[in-house]
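Each chain is listed here by its residues.
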Amino acid sequence: MSRIGRMPIAIPAGVTVDIAENNKVTVKGPKGTLERVLPSEMEIKKDGETVVVSRPNDLKRMKSLHGLTRTLINNMVVGVTNGYEKKLEVNGVGYRVQKQGKKIVLSLGYSHPVEMEDPEGIETVVEGQNVIIVKGIDKEKVGQFAAEIRDKRRPEPYKGKGIKYADETIRRKVGKTGKK
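Residues numbered from 1 in each chain as written. Predicted model: local features only at pLDDT ≥ 70, side-chain atom pairs only at ≥ 80, totals over all residues. Heavy atoms only, no water.

Asks: Can you tell me about the pattern of salt bridges, naming the residues and giving the values?
Replies: According to the stated counting rule, one finds 10 salt bridges in the structure shown. The partner of Lys-45 in a salt bridge is Glu-43, with the nearest N and O atoms 2.7 Å apart. (Salt bridge = Lys/Arg side-chain N within 4 Å of Asp/Glu carboxyl O.)

Asks: Lay out unusual backbone geometry with the relevant residues and their values.
Replies: At Asn-22, a residue that is not glycine, the phi angle is positive and equals roughly 60 degrees. With respect to the secondary-structure elements, Asn-22 resides in the loop between β2 (16-20) and β3 (24-29). The class of Asn-22 is exposed, set by a relative accessible area of 57%. The phi dihedral of Asn-23 falls on the positive side, at around 55 degrees, and the residue is not glycine. Locating Asn-23 in the fold gives a position in the loop between β2 and β3. Looking at Asn-23, the relative accessible area reads 10%, which means it is buried. (Helix = DSSP H or I, 4+ residues; strand = E, 2+ residues; numbered from the N terminus. Buried < 20%, exposed > 50% of the residue type's maximum accessible area, 1.4 Å probe, protein only.)

Asks: Describe the packing of aromatic side chains, and please don't skip the residues or the numbers.
Replies: According to the stated counting rule, one finds 0 aromatic pairs in the structure shown. In this arrangement the basic side chain of Lys-86 is found over the ring face of Tyr-165, its NZ or CZ atom lying 5.2 Å from the centre. Over the ring of Tyr-110 we find Arg-153, and its NZ or CZ is 4.3 Å from the ring centre. (Phe/Tyr/Trp six-rings, centres within 6.5 Å; stacked < 30°, edge-to-face > 60°. Lys NZ or Arg CZ within 6 Å of the ring centre and 35° of its normal.)

Asks: Can you tell me about the sheet that holds β2, naming the residues and giving the values?
Replies: Strands belonging to one sheet form pairs held by backbone hydrogen bonds; the direction of such a pair is parallel or antiparallel. Read across the open sheet, the 3 strands follow the order β2-β3-β4; overall the sheet is antiparallel. Of all the strands in the sheet, just β2 and β4 (32-37) have a single pairing partner and so form its edges. Within the sheet, the average angular offset between the axes of one strand and its neighbour, ignoring direction, is 15 degrees. Taken together, the 5 bridges between β2 and β3 define a ladder with antiparallel strand orientation. Counterpart to Val-17 in the pairing with β3 is Val-27. Strands in contact with helix α1 (residues 60-81) are β3 and β4; relative to β4, the strand with the most contacts, it is inclined by about 170 degrees. (Pairing = 2+ DSSP bridges. Axes fitted to C-alpha atoms, helices over the stretch in contact; angles between N-to-C directions. Contact = heavy atoms within 4.5 Å.)

Asks: Please set out the sheet that holds strand β7 (residues 84-91) residue by residue, giving values where relevant.
Replies: What the 4 strands build is an open sheet, ordered β11-β12-β7-β13; its pairing is antiparallel. Either end of the sheet is taken by a strand with one partner, and the two such strands are β11 (122-127) and β13 (162-165). Adjacent strand axes in the sheet meet at a mean angle of 25 degrees when their direction is disregarded. When β7 meets strand β12 (residues 131-136), the two strands line up antiparallel, connected through 6 bridges. For Glu-85, the partnering residue across the bridge sits in β12 and is Lys-135. Contacting β7, β11, β12 and β13, helix α2 (residues 139-151) crosses the sheet at an angle of about 5 degrees to β7.

Asks: Describe α2, and please don't skip the residues or the numbers.
Replies: Across its 13 residues, α2 extends 18 Å between first and last C-alpha, which sits within 8% of the 18 Å expected from 1.5 Å per residue. The complete set of buried residues in α2 reads Val-142, Gly-143, Phe-145, Ala-146, Ile-149 and Arg-150. End-on view of α2: buried residues confined to an arc of 165 degrees, all on one side of the axis. Against the buried residues of α2 lie β7, β9 (103-107), β10 (114-117), β11, β12 and β13. Between a side-chain oxygen at the N-terminus of α2 and the backbone nitrogen of Glu-140 the separation is 3.1 Å; the capping residue is Asp-138. (Expected span 1.5 Å × (residues − 1). Arc of directions from axis to C-beta. Polar contact = N/O pair within 3.5 Å; in protein donor to acceptor, adjacent residues only side chain to side chain.)

As structure tokens, then:
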């Protein structure tokens, strides 16, 4: 039995979970509303103040969907109560970040500044000149947009320049040495 899949999801106060046909789950909370269509094979039941996910049989596909379905619902519940955020750091001489309305403008050593528009439901906050915080209620969108920002200039292993996650460590390499 899936250890994650069989754990019940507690519904905090102020959060409502609706399960429609075709396993369309809608979660409403203080921070907003999220909805998602989950695999129709899984059985999602609301049991008082908890949501329980069960699987019909032990086929490999069902086993893999069981834990996934439970985690997706849990991420939605956490999203509408606390929200998600990812922190990115910009390292490098002359590398800067600015916020202009709903855009972030990145100066990353290219011949032009890179502009990125905040997607719907995602908010970016710039702290100082080199820290970007991506916030939102949908974990998937927050992670995706943070990854897209990071892709504009990935950290390189020699000087550590580029955009990295705050909790990421860069494996450093030793540069070349002179001829003897």
